[in-house]
Amino acid sequence: MLAAHHGEAALIILQDRRGEVDLVVSDVVMPVMGGIPLLRGMQERELDVKVILLTGHSFEQRLSDIPVGKGSLLRGWLSKPIQIEELTGLIAQVLEE
């Protein structure tokens, strides 16, 4: 498991470890760079890593131009507070795809 305190740090890690990371679980709201700009940065850099976003806010409209599901980097999102069973179930589902 790798950790980053914000999206810019995550992008650096993902570029440096290209091909080594299977899944990114990110909060939408973070300092410096949040989860949505991180997702867009990953797409721009063609980093083929599955993403799950977590949020305490409604952000569906902000993702209207980003496909969700198989064939997309964004594989799902969960609203906080998160139930651990829901998160682990989604992680397992995404990693099995």
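For clarity, every value in this text was computed on a predicted model and none was experimentally measured.

A. Representation of the overall build of the chain within the structure. For the chain, the helix and strand inventory stands at three helices and three strands. Mapped from its N terminus to its C terminus, the chain presents α and β elements in the order α-β-α-β-β-α. Within the span of the chain, comprising 97 residues, buried residues form 39% of the whole. Long-range contacts, defined as pairs at least 24 residues apart, comprise 62% of the intrachain contacts of the chain with a sequence gap of at least 6. A total accessible area of about 6,100 Å² is found for the chain, and carbon and sulfur atoms account for 50% of it.

B. Expanded view of the pattern of salt bridges. In the structure shown here, the tally under the stated rule is three salt bridges. As a salt-bridge pair, K80 and D27 come within 2.7 Å of each other at their nearest N and O atoms. Taken together, the residues span a long stretch of sequence, with K80 in the loop between β3 (74-79) and α3 (84-96) and D27 in strand β1 (residues 23-27) at a distance of 53 residues. What makes K80 partly exposed here is its relative accessible area of 38%. For D27, a relative accessible area of 22% puts it in the partly exposed group. Between R75 and E97 there is a salt bridge whose closest N-O contact spans 2.3 Å. Of this pair, R75 sits in strand β3 while E97 sits in the segment after α3; the two residues are 22 residues apart in sequence, bridging distant segments of the chain. R75 sits in the buried class, given a relative accessible area of 17%. On the accessibility criterion, E97 (34% relative accessible area) is partly exposed.

C. Representation of the side chain of T55 within the structure. As for its position among the elements, T55 is in strand β2 (residues 50-55). Excluding residues within four positions of it along the chain, T55 makes contact with D27, V28, W77, L78, S79 and K80.

What counts, and where the lines are drawn
Residues numbered from 1 in each chain as written. Predicted model: local features only at pLDDT ≥ 70, side-chain atom pairs only at ≥ 80, totals over all residues. Heavy atoms only, no water. Helix = DSSP H or I, 4+ residues; strand = E, 2+ residues; numbered from the N terminus. Buried < 20%, exposed > 50% of the residue type's maximum accessible area, 1.4 Å probe, protein only. Contact = heavy atoms within 4.5 Å. Areas by Shrake-Rupley, 256 points an atom, 1.4 Å probe, with all protein chains shown as cover. Salt bridge = Lys/Arg side-chain N within 4 Å of Asp/Glu carboxyl O.

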